[in-house]
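# Close look at the chain arrangement
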Amino acid sequence: MQIGIIGLGRMGANIARRLLRAGQQCLVYDRDPAPAAALVAEGALAKPGLAELVGALAAPRVVWIMLPAGAATEQAIAELSALLQPGDCIIDGGNSFWQDDIRRAGQLRGKGVHYVDVGTSGGVWGLERGFCLMIGGEAGVVAGLDPIFAALAPGKGEIAATSGRAGRDQRVEQGYLYAGPNGAGHFVKMIHNGIEYGMMQAMAEGFDILKNANSARLPPELRLAIDVADVAEVWRRGSVITSWLLDLTAAALAADPQLAGYAGHVEDSGEGRWTVEAAIAEAVPAEVLSSALFARFRSRQSHTFAEQVLSAMRQGFGGHLEPSTADH
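Described below are features of the structure shown in this document. (Residues numbered from 1 in each chain as written. Predicted model: local features only at pLDDT ≥ 70, side-chain atom pairs only at ≥ 80, totals over all residues. Heavy atoms only, no water.)

Strand order in this open sheet of eight strands is β3-β2-β1-β4-β5-β6-β7-β8, and the pairing throughout is mixed. This sheet does not close on itself; its edge strands, each paired only once, are β3 (45-46) and β8 (176-180). Sheet analysis places strand β4 (residues 62-65) next to strand β5 (residues 89-92), joined by four bridges and oriented parallel. Its bridge partner lying in β5, Val62 is registered against Cys89. In the packing of helix α1 (residues 12-21) onto the sheet, the strands contacted are β1 (2-6), β2 (25-29), β4 and β6 (114-121), and the crossing angle to β1 comes to about 165°. The strands that helix α10 (residues 184-211) touches are β5, β6, β7 (132-136) and β8; relative to β6, the one it contacts most, it runs at about 15°. (Pairing = 2+ DSSP bridges. Helix = DSSP H or I, 4+ residues; strand = E, 2+ residues; numbered from the N terminus. Contact = heavy atoms within 4.5 Å. Axes fitted to C-alpha atoms, helices over the stretch in contact; angles between N-to-C directions.)

Structure, rendered in C-alpha cells:
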C-alpha cells in the first residue's frame, strides 16, 4: 500500500521504517527536514508540506499522523480535512483523548473522509519488536487498512498460544486489535497506559524498599545489604513478575545501581489522568492507578530512589529524557 506519514519523531520515523521494510510505499513530512532526509535514504519519498504530500498520494489516500496529542494534531487534521477527498482516510496514531476521536470522526464524516484512531505501543523499540496496535473506526475501513497494521504489528513470535481462543479474531494474536468504533482504539490504549503507571509504580517502590534495607534508620542487626541489580536480574528469569518493564529496570540498574543519572522527576503524558477520569465517570474504584498518577505529581517536588527507577524505565521504553541530577 501507499501511505503518507506526518510527524517523524521517535515513533513516527520508526513506523515509516517498519512499513518500508515490509515493502509499503511511504511519503513522509516533518517540519524538521533532517528525519525526512534520513528516511529518503532508506526508500521513502519526502515532501515539503501537507499539500504536496496529499497531492502525491494516489486515491483513496491514507495519511498517518504521529504528532503530540492536542494542538499539533488538531491543526494537522484541520489542514488535511481541507485537502483530502471523499473516500480518503486519516489515521491518528498518537495518544489523543478518545472523545476527541469521536468528535473528529463526526466532523470528517460530513466530508466523506474516514478517520481511524490507533493506540500505538512499542516506544523506541517498535522498529525491531513491532508495535502493538489498538484500533478504532469503521470496521470496513479498518479491514481495508490491514496490510499497514499487519506490517507494523509484532506478529506471533515465540509467545505461546492462549488456550480457548479458537474462533476468535486472529489479528489479536499478531499484535493488533480492532477494538470497536471511533474512540475505542485510543480508549483501550489510555487504559493500557494507566495500567502501565501502576505496574511501574509497584516495581519502583519495591526496589526502593530493597535499596533501603540497609538504612541507618534500622537497628544494625536488622540491616540487609541487597544488590538491587542482581535482584532485578534474577527476577527476570522465571519469576511471576517477569516483564519488559523488569528487563528495562535490570538493564538500568546493571549500568548504574545508584541510578545517579536520574533525578527522579517523573512526567505524565496525559493518559494516566484520563484513565482516572474514566474511572470516576464509570464509578469504578481505581486505587492503584490513581495513586500511581499522584506519585508522579509528588515526584516533581521531592525525589526518591523509586522515582529514579521510574525515570529509568520511561527512558528505556519510550526515550523520555527526564531532567538529570545536574538539573536539580
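Bringing the packing of aromatic side chains into the picture now. In the structure shown here, the tally under the stated rule is six aromatic pairs. When the ring of Phe97 is compared with that of Trp98, the centres are 6.2 Å apart and the planes differ by 65°; the resulting orientation is edge-to-face. The buried category is assigned to Phe97, whose relative accessible area is 18%. Aromatic side chains Phe207 and Trp235 sit 5.5 Å apart centroid to centroid with 55° between the ring planes, which places their arrangement in the tilted category. With a gap of 28 residues between them, Phe207 in helix α10 and Trp235 in helix α11 (residues 228-235) connect regions that are remote in the sequence. A relative accessible area of 29% places Trp235 in the partly exposed class. Following the ring pairs from residue to residue traces out a cluster consisting of Phe97, Trp98, Phe187 and Trp274. A cation over an aromatic ring shows up here: Arg129 above the ring of Trp244, its NZ or CZ 4.0 Å from the ring centre. One residue, Arg296, lies across the ring of Tyr197, its end atom 3.7 Å from the ring centre. (Phe/Tyr/Trp six-rings, centres within 6.5 Å; stacked < 30°, edge-to-face > 60°. Buried < 20%, exposed > 50% of the residue type's maximum accessible area, 1.4 Å probe, protein only. Lys NZ or Arg CZ within 6 Å of the ring centre and 35° of its normal.)

Before going further, it helps to examine the nonpolar core. Generally speaking, soluble globular proteins have nonpolar side chains that are buried together. By size, the foremost hydrophobic cluster in this structure holds 32 residues, and its most contacted members are Ile5, Trp64, Val116 and Phe149. Per element, the largest residue contribution to this core is five residues, and it comes from α1. Not counting the four nearest positions on each side in its chain, Phe149 is found in contact with Trp64, Ile91, Val116, Val118, Leu133, Ile135, Val142 and Tyr176. One finds Ala229, Ala232, Ala250 and Ala306 within the second-largest nonpolar core, a separate group that totals 24 residues. (Core = buried A, V, L, I, M, F, W, Y, C linked by side-chain atoms within 4.5 Å.)

A few words on the pattern of salt bridges. When the charged atoms of two side chains with opposite charge come close together, those side chains can pair. Enumeration over the complete set of coordinates arrives at 18 salt bridges. Close ionic contact of Asp100 with Arg103 constitutes a salt bridge, the shortest N to O distance being 3.4 Å. In this pair, Asp100 and Arg103 are both assigned in helix α5 (residues 98-109), three residues apart and thus about one turn of the helix distant. Residue Arg103 is classed as partly exposed on the basis of its relative accessible area, which comes to 33%. Put simply, Glu233 and Arg236 hold a salt bridge, and the shortest N to O gap is 3.0 Å. Owing to a relative accessible area of 27%, Glu233 belongs among the partly exposed residues under this scheme. Counted as one network, the salt bridges with shared partners bring together Glu74, Asp92, Asp100, Asp101, Arg103 and Arg104. (Salt bridge = Lys/Arg side-chain N within 4 Å of Asp/Glu carboxyl O.)

At their nearest, the axes of helix α12 (residues 244-255) and helix α15 (residues 305-318) sit 9 Å apart, and the two run at 110° to each other. The angle between α12 and α15 places the two elements in the roughly perpendicular class. Contacts from Trp244, Leu245, Leu248, Thr249, Ala252 and Leu253 in α12 reach Phe305, Val309, Ala312, Met313, Gly316 and Phe317 in α15. Of the residues contributing to the contact of α12 with α15, the split by class is ten nonpolar, two polar and no charged. (Parallel < 35°, antiparallel > 145°, perpendicular 65-115°, else oblique. Nonpolar A, V, L, I, M, F, W, Y, C, P; charged D, E, K, R; others polar.)

A cis amide bond, omega -5°, links Ala59 with the succeeding residue Pro60. Structurally, Pro60 can be placed in the loop between α3 (50-56) and β4. Phi is positive for Leu259, close to 50°, though the residue is something other than glycine. Note on placement: Leu259 falls in the loop between α12 and α13 (271-282). For Leu259, a relative accessible area of 1% corresponds to the buried category. Positive phi values are uncommon outside glycine, yet Ala283 reaches one of about 55°. Looking at the element boundaries, Ala283 is found in the loop between α13 and α14 (287-299).

Bear in mind that shape data such as this cannot, by itself, settle questions of function.
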